[in-house]
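Understanding the architecture of this molecule
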Amino acid sequence: MPDPHAAAAAALRSAGALVVTAGAGMGVDSGLPDFRGDRGFWKAYPPYERLGISFVDAANPVHFEADPAFGWGFYGHRARLYRETAPHPGFALLLRWSERLGLPCFVVTSNVDGQFQKAGFPAEQVLEVHGSIHHLQCTEPCCGAIWPNEEDVAVDATTMRAQRIPRCLRCRGVARPNILMFGDGAWLSSRTDAQADRFEAWLDERGEARLVILELGAGTAVPTIRWHSERLGARPGATLVRVNPREPEVRPPHLSIASGAREALERIDAAL
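Scope of this entry: the structure provided in the associated data block. No experiment lies behind these values; they were computed from the predicted model shown.

**Focus on the sheet that holds strand 9 (residues 211-216)**
- Strands sit in the order 3-2-1-9-10-11 across an open sheet of six strands; the sheet is parallel. Edge positions in the sheet fall to strand 3 (126-128) and strand 11 (255-257), since each of these pairs with one other strand and no more. Strand-to-strand twist of the sheet, defined as the mean angle between neighbouring strand axes without regard to direction, takes the value 15°.
- In terms of strand pairing, strand 2 (residues 105-109) meets strand 3 through three bridges, oriented parallel. The residue of strand 3 that forms the bridge with V108 is L127.
- Contacting strand 1 (17-22), strand 2, strand 9 and strand 10 (239-243), helix 11 (residues 224-233) crosses the sheet at an angle of about 160° to strand 9.

Rendered as structure tokens:
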């Protein structure tokens, strides 16, 4: 069987543009949790196991209305974690390929952690389909404002409750992250919509260029990124490279790599 890393390298050499589609698995090699199943979530956040609370329960906008200290306990801790985490070397490899091969690059990610921007990807070339923890909005919302999250929320690690509640800049009600949560009818999508418009314009500018879609750590539990990858992979001449240690399956002629993101990127780089 041909080496898929070599095949991915060959596809990159002949490509006219690169789209990186990334899920939670992209951050695992940086030490970030992927919240895979209740066990994975509780391993990252043991206090929630004691409380019998799942990731779906914790990532619910109702807390910002009913119990803001609880809602901000989870998201305040995550914001600090993401700020303190350094992107793993695989991010730099992607940037290097784009420069060395002359490949225009755009990122489409379901991650809310801002790691691509932190690694040096231009903000105008990133589509965050579920929003960003680094931006806030009003919980109500009282208006359509979205603003940078400059809050440093201290959290009691025993109770996972925030010791201070960020406030809306306009009405002084409770603020919340500009993230699409579970069962969320109040998420303001205008920032993400603008990113999506930029991405579609970027695709139009590529014309009939051959795309390589490099999908990193996107599973089937929340299939948003896989949908984007497969939509792009259906373009004439496109090659989808699916990297996933547990669910790497993809239809031919696309490529499947059963490993973590960093390992796959380093092996593709060696083939290049």
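**Some thoughts on the environment of R170**
- Here R170 is to be found in the loop between strand 7 (161-162) and strand 8 (175-179).
- When near neighbours in sequence (up to four residues on either side) are disregarded, R170 contacts C142 and C143.

**Some details on the pattern of salt bridges**
- In this structure the tally under the stated criterion is 12 salt bridges.
- Between R161 and D67 there is a salt bridge, with its nearest N and O atoms 2.8 Å apart. A residue pair is termed long-range when its members are at least 10 positions apart, and R161 in strand 7 and D67 in the loop between helix 6 (62-66) and helix 7 (68-84) qualify at 94 residues.
- Taking relative accessible area as the criterion, R161 reaches 32% and is therefore assigned partly exposed.
- The class for D67 is partly exposed, based on a relative accessible area of 26%.
- Of the charged contacts, one joins R242 and E230 as a salt bridge, the two residues approaching to 2.9 Å between their closest N and O atoms. Of the two residues, R242 sits in strand 10 while E230 sits in helix 11, which places them 12 residues apart along the sequence.

**Re the environment of I179**
- If you trace the backbone, I179 turns up in strand 8.
- On a C-alpha basis, the gap between I179 and S256 in space is 30 Å, while along the polypeptide they are 77 residues apart.
- Ignoring any residue separated from it by four or fewer positions in sequence, one finds I179 in contact with Y75, V112, H130, G131, S132, I133, D184 and W187.

**Examining the packing of helix 1 (residues 4-14) against helix 12 (residues 261-271)**
- Between helix 1 and helix 12, whose axes approach to 8 Å, the crossing angle comes to 65°. The orientation of helix 1 relative to helix 12 falls into the category roughly perpendicular. As for the relative orientation of helix 1 and helix 12, their crossing is right-handed in sense. Residue-level inspection shows H5, A6, A8, A9, L12 and R13 of helix 1 in contact with helix 12, the latter providing A264, R267, I268 and A271.
- Taken together, the residues of the contact of helix 1 with helix 12 break down into seven nonpolar, one polar and two charged.

**Points about unusual backbone geometry**
- A cis geometry characterises the amide bond from E140 onward to P141, with omega recorded as -10°.
- Within the secondary structure layout, P141 lies in the loop between strand 4 (131-138) and strand 5 (146-148).
- Cis peptide bonds are those with omega within 30 degrees of zero, and the linkage from P252 to P253 qualifies with 10°.
- Among the structural elements, P253 can be located in the loop between strand 10 and strand 11.
- One non-glycine residue, M160, lies in the positive phi region at around 55°.
- With respect to the helices, strands and loops of the structure, M160 is situated in the loop between strand 6 (155-156) and strand 7.
- Unlike most non-glycine residues, R172 shows phi in positive territory, near 65°.
- Inspection of the secondary structure assignment puts R172 in the loop between strand 7 and strand 8.
- For R172, a relative accessible area of 51% gives the class exposed.

**Structural notes on the sheet that holds strand 4**
- One open sheet holds the three strands; their spatial order is 5-4-8, and the pairing between them is antiparallel. The open sheet is flanked by strand 5 and strand 8, the only strands paired with a single partner. Within this sheet the neighbouring strands show an average axis-to-axis angle of 50°, counted without direction.
- Two elements, strand 4 and strand 8, share five bridges in a ladder whose sense is antiparallel. In the strand pairing of strand 8, C138 is matched with A175.
- On the sheet, helix 7 packs against strand 4 and strand 8 and is oriented at approximately 140° with respect to strand 4.
- Against the sheet, helix 10 (residues 190-206) makes contact with strand 4, strand 5 and strand 8, and its axis sits at roughly 135° relative to strand 4, the strand it touches most.

Rules and cut-offs
Residues numbered from 1 in each chain as written. Predicted model: local features only at pLDDT ≥ 70, side-chain atom pairs only at ≥ 80, totals over all residues. Heavy atoms only, no water. Pairing = 2+ DSSP bridges. Helix = DSSP H or I, 4+ residues; strand = E, 2+ residues; numbered from the N terminus. Axes fitted to C-alpha atoms, helices over the stretch in contact; angles between N-to-C directions. Contact = heavy atoms within 4.5 Å. Salt bridge = Lys/Arg side-chain N within 4 Å of Asp/Glu carboxyl O. Buried < 20%, exposed > 50% of the residue type's maximum accessible area, 1.4 Å probe, protein only. Parallel < 35°, antiparallel > 145°, perpendicular 65-115°, else oblique. Left-handed = near helix turned anticlockwise from the far one by under 90°. Nonpolar A, V, L, I, M, F, W, Y, C, P; charged D, E, K, R; others polar.

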